[in-house]
There are 2 protein chains.
Amino acid sequence: MSLEITFLGTGSAFPSPARGASALVLRREGQCWLFDCGEGTQTQLMRSHLRAARITKIFITHLHGDHIFGLPGLLCTLSLQSSPDAKAPVDIYGPLGLRSFLWRSLELSHTQLLFPYTVHELVPTPDQCPPEEFKDFSSWDVGEGVPRGPPGRVVHLDPGEESYLLVEDEQLEVRAFRLFHRVPSFGFVLEEKPRPGKLNVQKLKELGVPPGPLYGKLKSGATIVLEDGAAVSPRDVLEPPVPGRKVCVLGDCSAPLGEAAVRLCRRADLLVHEATLGDGLRDTARQRGHSTPGTAAELARRCRARRLVLTHFSQRYRPAGDGDGEVAELRRQAEAVLDGQEVTLAEDFMTIEIPLRK
Amino acid sequence: MSLEITFLGTGSAFPSPARGASALVLRREGQCWLFDCGEGTQTQLMRSHLRAARITKIFITHLHGDHIFGLPGLLCTLSLQSSPDAKAPVDIYGPLGLRSFLWRSLELSHTQLLFPYTVHELVPTPDQCPPEEFKDFSSWDVGEGVPRGPPGRVVHLDPGEESYLLVEDEQLEVRAFRLFHRVPSFGFVLEEKPRPGKLNVQKLKELGVPPGPLYGKLKSGATIVLEDGAAVSPRDVLEPPVPGRKVCVLGDCSAPLGEAAVRLCRRADLLVHEATLGDGLRDTARQRGHSTPGTAAELARRCRARRLVLTHFSQRYRPAGDGDGEVAELRRQAEAVLDGQEVTLAEDFMTIEIPLRK
Ligand SMILES: [Zn+2]
Ligand SMILES: [Zn+2]
Ligand SMILES: [Zn+2]
Ligand SMILES: [Zn+2]
């Protein structure tokens, strides 16, 4: 089963012709999940090989404009381009305040979406940003006469896990964890569940299991009893389970909050981390709530990520091949921390496949 | 004094790589005035020869997303790129509801603009759209605990003039007038005041006016009395006044409301009018609150505009030279109504100069 991510915007602060504002798409089984939606994301989608109509989930790391200002327009266009009842519902996950913003933007522009949408809000904790920057949007739409807007859950931090469980089905889980930034920011971890190994037909024959429904029971994890009274457990006839893959997408941050990030991202197949400014500007970066390649690589090292991809570059760093080699310096800074392990610098429209684990 | 407009987005409904969402800039005396601000306008500005920092006024025709969703991001970027106190204040004019939208978008994204901005809201009348579409946003931000947002006037229709006076100084006036669309929409007329003609030095000598302060008085329109008691009026010594220019930018509409548009746009040097669909789809266009080239040209004919420019094309009409000649058909449809008078089809980044009148 293929799993890939495509960067639609890799610039920080605002979109430019060289680097769009933050957005990336994770594609799995033909479904597209969008992470962040800066202004211009819908146009970047049109320029890419992806089909916007396939978007079924949207994750927003934080409420800075370069991560959300493309969202009302994207939803409008998805609706315009879909026939009634043909577009799958869209689930949106993001910080508290997002539901009100979306609802009001659509209401003001007289937009009636032709598909259902749901906004699940993550409640940040005040220690995710400098105290003077923290805003509580929980009361924005309280009061008489204010329609409620779209449905959705309000998700609080699970204090034991230090994370927010957002999605769980038979195949995978998505959790959010907290980051420190100028405003509360989140990282998201998608983790596939291990898939049971294949049946070993040779062994089944040796043990005398007759082909048919018993195969299915074993495959689904049940122990069976043969006619002669002998028990066969799945362990006896299944190849080892195939481990799931793990992809982590972090929002803007100068650092993760607590140890959850290191735990949740452990052995990630892919870790997408911002690196707004070079290591030479580490103090400026930290002051603005941002990371450098060194900061990002340090986290990748601690969680032993298999591959680190840097993004959200200051617009001063032109894409490689654009006549300016400065961005290559960012790669070297990260690789130095990772003992030479290869680091990838994201560019708009770059697609990275995440292969199945062996 | 040069006066020119540059189209930044000429597509309808949503931005695409071929046509940006609605936006155009009128440049006069180094100042830029922006009309509409669809998503992606800030990137289109970067691609153009214009400098976003020169924007001092923004006019919004109506609240559909393809005309406003670029505005919060544009203001953020203007602020990021300006040094404190260096950027001139920005005056924004648009329908009721715009102040709340802007204020909330900036508040949610934790944006503190480094320059002052003012939002002047035009109060539409319910007959500007189908009754079931009319929404009253006047109560959105009423209530305790809701900060007031940026300052600005609330401008009501002047019933005698059937227009809204927005800007008036020694050099020009800007008025808005009402259009009929799916939601209340406006057109804007910028009209330069006539400039006094030059002093005719030959005549001044003949009449015995001594060079000096009296020249200035005559030039400014005052009658003077010479030492011998003879009166000299400005009319005697001034060349005829130079008529001002008139530029009209209409928002989306199927028709203007009442006769104000024809009166206010009379003899316009430039009339910018939408033509979303071709004449063959006139019923569809009208039903969606839009115009065709024929509709637009009819208005241009009635007000005897000197030049008609069509814009806001359905994204199905690719720019000319893009391998598809269909858009040229739109030009022919408009020219047929205007007895062959040349009509211009707008494209992104097209600049049109409006010469001084003779
Ligand atoms: Zn950012
Ligand atoms: Zn940020
Ligand atoms: Zn429009
Ligand atoms: Zn419209």
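What you are looking at is a predicted structure, and each value in this text was computed from that prediction instead of being measured. (Residues numbered from 1 in each chain as written. Chains lettered and ligands numbered in written order. Predicted model: local features only at pLDDT ≥ 70, side-chain atom pairs only at ≥ 80, totals over all residues. Heavy atoms only, no water.)

Asker: So what exactly am I meant to see when it comes to the coordination of the zinc ion (ligand 2) here?
Answerer: Note on metal sites: the ideal angle is 109.5 degrees for four tetrahedral donors, and 90 or 180 degrees for six octahedral donors. All names here are of chain A. Protein-derived ligands of the zinc ion (ligand 2) are His 62 (NE2), His 64 (ND1), His 181 (NE2) and Asp 252 (OD), with the metal-ligand distances lying across 2.2 to 2.3 Å. Here the zinc ion (ligand 2) and the zinc ion (ligand 1) are spaced 3.4 Å apart, linked through Asp 252, which binds each one. The burial state of His 62 is the same as that of His 64; both residues are buried. (Donors = N, O, S within 2.8 Å, 3.2 Å for Na, K, Ca; no water. Buried < 20%, exposed > 50% of the residue type's maximum accessible area, 1.4 Å probe, protein only.)

Asker: Explain the sheet that holds strand E4 (residues 55-59) of chain A to me, please; I cannot follow it from the model alone.
Answerer: The strands making up a sheet associate through backbone hydrogen bonding, with each pair oriented either parallel or antiparallel. Residues and elements named next belong to chain A. Pairing is mixed across the open sheet formed by eight strands, whose spatial order is E7-E6-E5-E4-E3-E2-E1-E18. The outermost strands of the open sheet, each flanked by one partner alone, are strand E7 (154-155) and strand E18 (351-353). Inspection of the sheet shows E4 paired to strand E5 (residues 90-95) by three bridges, in the parallel sense. Each bridged residue has a counterpart across the sheet, and for Ile 58 the counterpart in E5 is Ile 92. (Pairing = 2+ DSSP bridges. Helix = DSSP H or I, 4+ residues; strand = E, 2+ residues; numbered from the N terminus.)

Asker: In this structure, what is going on with the coordination of the zinc ion (ligand 1)? I would like to understand it.
Answerer: Residues and elements named next belong to chain A. With distances of 2.1 to 2.3 Å, the protein atoms coordinating the zinc ion (ligand 1) are Asp 66 (OD), His 67 (NE2), Asp 252 (OD) and His 312 (NE2). Between the four donor atoms coordinating the zinc ion (ligand 1), the angles at the centre fall across 91 to 168°, so the site counts as irregular. Look at where the donors of the zinc ion (ligand 1) fall in the sequence and you get D-H-x184-D-x59-H. (Tetrahedral: all angles 85-135°; square planar, octahedral: opposite > 155°, others 65-115°.)

Asker: When you look at the domain arrangement of chain A in this model, what are you seeing that I'm missing?
Answerer: The extent of an interface is frequently quoted as the accessible surface area lost upon association of the parts. According to the domain assignment, chain A consists of domain 1 (3-195 + 242-353) and domain 2 (201-237). Using C-alpha coordinates to define each centre, domain 1 of chain A is positioned 45 Å away from domain 2 of chain A. (Domains from an automatic or database assignment.)

Asker: Even after reading the chapter, I still don't get the confidence of the model for chain A, so can you show me in this structure?
Answerer: When pLDDT drops low, the exact placement of atoms in the prediction is not to be read closely. On average, residues of chain A carry a pLDDT of 93, and 96% of them reach 70 or more. Under the prediction, the complex receives an ipTM of 0.91, its pTM being 0.92. (pLDDT = per-residue confidence, 0-100.)

Asker: Is there a simple way to think about the relation of the copies chain A and chain B in this case?
Answerer: Note on the chain copies: they are related by a rotation about an axis and a translation along it. Least-squares fitting of chain A to chain B yields an RMSD of 0.2 Å, with the transformation described by 0.1 Å of translation along the axis and a rotation of 180°. One copy is carried onto the other by what is essentially a two-fold rotation axis. For chain A, the residue whose C-alpha comes nearest the rotation axis is Gly 40 of chain A, separated from it by 2.7 Å. Looking at the interface residues of chain A, 100% of them are also at the interface in chain B, so both copies use one shared face. (Least-squares fit on C-alpha atoms with pLDDT ≥ 70 in both. Contact = heavy atoms within 4.5 Å.)

Asker: I tried to follow the side chain of Asp 66 of chain A on my own but got confused; where do I start?
Answerer: Residue and element names in this part refer to chain A. You can see Asp 66 is positioned in helix H2 (residues 65-68). Arg 288 provides the closest opposite charge to the buried, unpaired Asp 66, separated from it by 12 Å. Polar side-chain contacts of Asp 66 include one of 3.4 Å to the side chain of His 312. Those residues within four positions of Asp 66 in sequence are excluded, and the remaining contacts are Ser 12, Ala 13, Phe 14, Ala 21, Ser 22, Gly 38 and His 312. (Lys, Arg positive; Asp, Glu negative; His and termini not counted. Salt bridge = Lys/Arg side-chain N within 4 Å of Asp/Glu carboxyl O. Polar contact = N/O pair within 3.5 Å; in protein donor to acceptor, adjacent residues only side chain to side chain.)

Asker: Even after reading the chapter, I still don't get the pairing of E4 of chain A, so can you show me in this structure?
Answerer: Look at any regular strand and the pattern is simple: side chains alternate between the two faces of the sheet. All names here are of chain A. Counting buried positions along E4 gives five out of five residues, so the element sits mostly inside the fold. Judged from the four bridges that link them, strand E3 (residues 31-35) and E4 form a sheet pairing that is parallel. Paired with Cys 32 across the bridge in E4 is Ile 55. Handedness of the crossover is the feature at issue here: the chain leaves E3, passes through helix H1 (residues 41-47), returns alongside E4, and the resulting connection is right-handed. (Right-handed = clockwise from strand over helix to strand, strands pointing away.)

Asker: Honestly, the interface of chain A and chain B in this entry has me stumped. Any pointers?
Answerer: Taken together, the contact between chain A and chain B spans 41 residues of the former and 41 residues of the latter. For the chain A and chain B pair, buried surface summed over both sides reaches about 3500 Å², with 66% attributable to carbon and sulfur atoms. Counting the surface chain A buries against chain B, the share from its top three residues, Phe 69, Leu 108 and His 110 of chain A, is 22%. At the junction of chain A and chain B, the tally comes to two salt bridges. (Buried area = accessible area lost by both parts, 1.4 Å probe.)

Asker: Looking at this model, I keep getting lost on the sheet that holds strand E5 (residues 90-95) of chain B. Mind explaining?
Answerer: All names here are of chain B. With mixed pairing, eight strands are arranged side by side in an open sheet as E7-E6-E5-E4-E3-E2-E1-E18. Strand pairing shows two members of the sheet lacking a second neighbour, strand E7 (154-155) and strand E18 (351-353), which therefore form its edges. Sitting on the sheet, helix H4 (residues 98-108) is in contact with E5, strand E6 (117-122) and E7, with an inclination near 145° to E6. (Axes fitted to C-alpha atoms, helices over the stretch in contact; angles between N-to-C directions.)

Asker: Explain helix H10 (residues 293-302) of chain B to me, please; I cannot follow it from the model alone.
Answerer: Those residues of H10 of chain B that fall on the buried side of the exposure criterion are Pro 293, Gly 294, Ala 296, Ala 297, Leu 299 and Ala 300 of chain B. Phi turns positive, to about 50°, at Arg 304 of chain B, one or two residues after H10 of chain B.

Asker: Mind showing me how you'd approach the state of the cysteines here?
Answerer: Residues and elements named next belong to chain A. Throughout the structure, instances matching the rule amount to zero disulfides over all chains. The cysteine Cys 32 is free of any disulfide, with Cys 37 supplying the nearest cysteine sulfur at 13 Å. We note that Cys 129 lacks a disulfide partner, and the nearest cysteine sulfur, in Cys 253, lies 14 Å from it. Overall, Cys 129 belongs to the buried group, its relative accessible area being 3%. (Disulfide = S-S within 2.5 Å.)

Asker: Is there a simple way to explain helix H3 (residues 71-80) of chain B in this structure?
Answerer: Residues separated by three or four positions in an α-helix point in the same direction, a consequence of the helix having 3.6 residues per turn. Residues and elements named next belong to chain B. For H3, the tally of buried residues reaches nine of 10 residues, placing the bulk of the element in the interior. Within the sequence span of H3, burial applies to Leu 71, Pro 72, Gly 73, Leu 74, Leu 75, Cys 76, Thr 77, Leu 78 and Ser 79. Where H3 is buried, its residues contact strand E3 (31-35), helix H1 (41-47), strand E4 (55-59), helix H2 (65-68), E5 and H4.

Asker: Would you explain the environment of Leu 310 of chain B in this entry?
Answerer: All names here are of chain B. Mapped onto the elements, Leu 310 comes out in strand E16 (residues 308-311). Assessed through its relative accessible area of 0%, Leu 310 is described here as buried. For the pair formed by Leu 310 and Leu 199, sequence separation is 111 residues and the distance between their alpha carbons is 40 Å. Excluding residues within four positions of it along the chain, Leu 310 makes contact with His 273, Ala 275, Pro 293, Ala 296, Leu 330, Ala 334, Val 343, Thr 344, Leu 345 and Ala 346.

Asker: Can you walk me through a positive patch on the surface in this structure?
Answerer: Taken together, the side chains of Arg 263, Arg 266, Arg 267, Arg 304 and Arg 306 of chain A present a region of like positive charge at the surface. Examined against the element boundaries, Arg 304 of chain A turns out to sit in the loop between helix H10 (293-302) and strand E16 (308-311). (Patch = residues over 30% accessible without salt bridge, like charges linked within 9 Å, V, L, I, M, F, W, Y side chains within 5 Å. Areas by Shrake-Rupley, 256 points an atom, 1.4 Å probe, with all protein chains shown as cover. Charge placed at Lys NZ, Arg CZ, Asp CG, Glu CD.)

Asker: Would you mind going over unusual backbone geometry with me for this structure?
Answerer: In terms of backbone geometry, most residues other than glycine have negative phi values and most peptide bonds are trans. All names here are of chain A. The phi torsion at Arg 304 lies on the positive side, around 55°, for a residue other than glycine. Residue Phe 349 is not a glycine yet carries a positive backbone phi of 75°. Note that Phe 349 resides in the loop between strand E17 (343-345) and E18. According to the relative accessible area criterion, Phe 349 is partly exposed, its value standing at 34%.

Asker: Honestly, the UniProt feature "domain: Metallo-beta-lactamase" (unreviewed entry) in chain A in this entry has me stumped. Any pointers?
Answerer: Under the UniProt annotation, "domain: Metallo-beta-lactamase" (unreviewed entry) lies at residues 243-313 of chain A. Helix makes up 30% of residues 243-313 of chain A and strand 23%, and the two end C-alpha atoms of the span are 33 Å apart. (UniProt positions renumbered as here; feature names shortened; annotations may be inferred.)

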